[in-house]
Amino acid sequence: MKNNLIELPVTTSDGIFLAHYSEKGLAGLNFPPKRNARVISTNPKAPAQILRWHRATKEALNKILAGRDAKNLPPLDWTGKTEFQQAVWREMLKIPAGRTKSYGEIAGAIGKPKAVRAVGGACGANPVPVLVPCHRVLAANKKLGGFSGGLDWKRKLLAREGTKV
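If you're wondering where the values come from, they're calculated on a predicted model, not measured in any experiment.

Engineer: An account of the overall build of the protein is needed here, citing residue identities and associated values.
Structural biologist: Counting secondary structure elements, the protein contains five helices and five strands. By the compact-globule yardstick of 15 Å for 165 residues, the protein fits well, its C-alpha radius of gyration being 16 Å. Expressed as a percentage of its 165 residues, the buried residues of the protein come to 44%. Long-range pairs, those at least 24 residues apart, make up 59% of the contacts in the protein between residues at least 6 apart in sequence. With an accessible surface of roughly 9100 Å², the protein has 50% of that area assigned to carbon and sulfur atoms. Positive and negative side-chain charges in the protein, numbering 28 and 11 respectively, have mean positions lying 3 Å apart.

Engineer: Requested: an account of the side chain of S102, with residues and values cited.
Structural biologist: Tracing the backbone through its elements, the reader meets S102 in strand β4 (residues 101-102). Given the relative accessible area of 19%, S102 is considered buried. Those residues in contact with S102 that lie beyond four places of it in its chain are V137, L138 and A139.

Engineer: Please set out the packing of aromatic side chains residue by residue, giving values where relevant.
Structural biologist: Taken as a whole and assessed by the stated rule, the structure comprises five aromatic pairs. Pairing F17 with F31 gives two aromatic rings, centres 5.7 Å apart and planes at 45°, and the pair type is tilted. Here F31 lies in the loop between β3 (26-30) and α1 (48-65) and F17 lies in strand β2 (residues 15-21), a separation of 14 residues in the sequence. Measuring from centroid to centroid gives 5.0 Å for F31 and W153, while their planes differ by 50°, and the two rings are tilted. In this pair, F31 sits in the loop between β3 and α1 while W153 sits in helix α5 (residues 151-160), placing the two residues 122 residues apart along the sequence. On the accessibility criterion, F31 (15% relative accessible area) is buried. Every member of this aromatic cluster is reached through a ring pair, and the members are F17, F31, F147 and W153. Positioned above the aromatic ring of W153, the side-chain terminus of K156 is 4.3 Å from the ring centre.

Engineer: Residue-level account of the environment of V130, with values.
Structural biologist: Residue position: V130 is located in the loop between α4 (116-124) and β5 (137-138). Considering only alpha carbons, one finds V130 and K154, 24 residues apart in sequence, at a separation of 9.2 Å. Setting aside chain neighbours within four positions, we find V130 in contact with F17, F31, L61, I64, H135 and L157.

Engineer: Break down the pattern of salt bridges for me, citing the residues and quoting the values.
Structural biologist: Within the structure shown, the criterion is met by eight salt bridges. Between D14 and K156 there is a salt bridge, and its shortest N-O distance comes to 3.8 Å. Here the residue D14 occupies a position in the loop between β1 (6-12) and β2, and K156 occupies one in helix α5, the gap between them amounting to 142 residues. Of the residues examined, D14 reaches a relative accessible area of 19% and is grouped as buried. K156 sits in the partly exposed class, given a relative accessible area of 32%. Residues R136 and D69 are paired through a salt bridge, measuring 3.6 Å at the closest nitrogen-oxygen approach. Separated by 67 residues along the polypeptide, R136 in the loop between α4 and β5 and D69 in the loop between α1 and α2 (83-92) bring together distant segments of the chain.

Calculation criteria
- Residues numbered from 1 in each chain as written.
- Predicted model: local features only at pLDDT ≥ 70, side-chain atom pairs only at ≥ 80, totals over all residues.
- Heavy atoms only, no water.
- Helix = DSSP H or I, 4+ residues; strand = E, 2+ residues; numbered from the N terminus.
- Rg over C-alpha atoms; globule rule 2.2 N^0.38 Å.
- Buried < 20%, exposed > 50% of the residue type's maximum accessible area, 1.4 Å probe, protein only.
- Contact = heavy atoms within 4.5 Å.
- Areas by Shrake-Rupley, 256 points an atom, 1.4 Å probe, with all protein chains shown as cover.
- Lys, Arg positive; Asp, Glu negative; His and termini not counted.
- Charge placed at Lys NZ, Arg CZ, Asp CG, Glu CD.
- Phe/Tyr/Trp six-rings, centres within 6.5 Å; stacked < 30°, edge-to-face > 60°.
- Lys NZ or Arg CZ within 6 Å of the ring centre and 35° of its normal.
- Salt bridge = Lys/Arg side-chain N within 4 Å of Asp/Glu carboxyl O.

What follows is the structure in structure tokens.
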């Protein structure tokens, strides 16, 4: 399992997400495929530890999709990601459901007030969208900005949390 990821589906009322686990934790989460996309086969023989993490992933994902905060996340494996990206993602984890921050506010919070564009890049590179809530980060003047899952997903997630944009 050293360099291989174990992929397991997460069935939700919004479709089937695909979670990717390393030996250190949840390394990625993909949105449900577009219509008529081929369903990806997964590894049914996951180790017990990964199955525990997967239960935590399912529970957290379903809470966030319902507009609530997820209290317990599985360990997140950000191996190979920059310190800057990780700082941005850690800061995003602090944003509660129903609240938003701007790219500029995130940049200031991590001590890099001029790195607004780089914060946007880190949001776009987030390997665990939804659980690491990059959908709660907006451009200046409360504009949506971008989102790896597409703006429809961002609008949907924010609306479920009661956030008006």
